[in-house]
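Chain residues, written in single-letter form:
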Amino acid sequence: MAVQISDDCIGCSACVNECPQGAIEIQDGQAVVDEATCVECGICVDACPASAITL
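Residues numbered from 1 in each chain as written. Predicted model: local features only at pLDDT ≥ 70, side-chain atom pairs only at ≥ 80, totals over all residues. Heavy atoms only, no water.

Student: Looking at this structure, how should I read empty space enclosed by the protein?
Tutor: Empty space among the atoms becomes apparent when a probe as large as a water molecule is rolled across them. A complete count under the given rule lists 2 cavities of 30 Å³ or more for this structure. Each pocket or cavity is described by its volume, and for the largest cavity that value is around 90 Å³. Lining the largest cavity are 14 residues, and of these Cys 19, Cys 38, Glu 40, Cys 41 and Cys 44 sit closest to its centre. Here the lining of the largest cavity is built from residues that sort into 11 nonpolar, 2 polar and 1 charged. Of the residues that constitute the lining of the second largest cavity, the class distribution is 11 nonpolar, 2 polar and no charged. (1 Å grid on protein atoms, 1.4 Å probe; cavity = no way out; pocket = protein on both sides within 12 Å on 5 of 7 lines; lining within 4 Å. Points joined across faces, edges and corners; volume = space filled by probe spheres on them. Nonpolar A, V, L, I, M, F, W, Y, C, P; charged D, E, K, R; others polar.)

In structure tokens form, the structure reads like this:
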């Protein structure tokens, strides 16, 4: 998987709201990517205000 979410995630749901595939959800206050659904488009990287997501 190329999408990585660091411990800097603040659980704000910005990435969840922007993901066109619905591949991200918040679990225990942190974003989690469903590898099977993610198409590695990078929209979540740009949406994250904490810069916690990388490709």
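Picking up where we left off.
Student: How do you make sense of the nonpolar core when you look at a structure like this?
Tutor: Within soluble globular proteins, side chains that are nonpolar generally end up buried alongside one another. The biggest cluster of nonpolar side chains holds 12 residues, and these are Val 3, Cys 9, Cys 15, Cys 19, Ala 23, Ile 24, Ala 31, Val 33, Cys 44, Cys 48, Ala 52 and Ile 53. When residues no more than four places from it in sequence are discounted, the contact partners of Ala 52 are Gln 4, Ile 5, Ser 6, Asp 8 and Cys 9. (Core = buried A, V, L, I, M, F, W, Y, C linked by side-chain atoms within 4.5 Å. Buried < 20%, exposed > 50% of the residue type's maximum accessible area, 1.4 Å probe, protein only. Contact = heavy atoms within 4.5 Å.)

Student: Help me understand the environment of Ser 6 in this model?
Tutor: Relative to the assigned elements, Ser 6 resides in the loop between strand S1 (4-5) and helix H1 (14-18). Accessibility expressed as a relative area gives 27% for Ser 6, which makes it partly exposed. A sequence separation of 46 residues divides Ser 6 from Ala 52, and the C-alpha atoms of the two residues are 5.1 Å apart. (Helix = DSSP H or I, 4+ residues; strand = E, 2+ residues; numbered from the N terminus.)

Read these as spatial facts, not as claims about activity.
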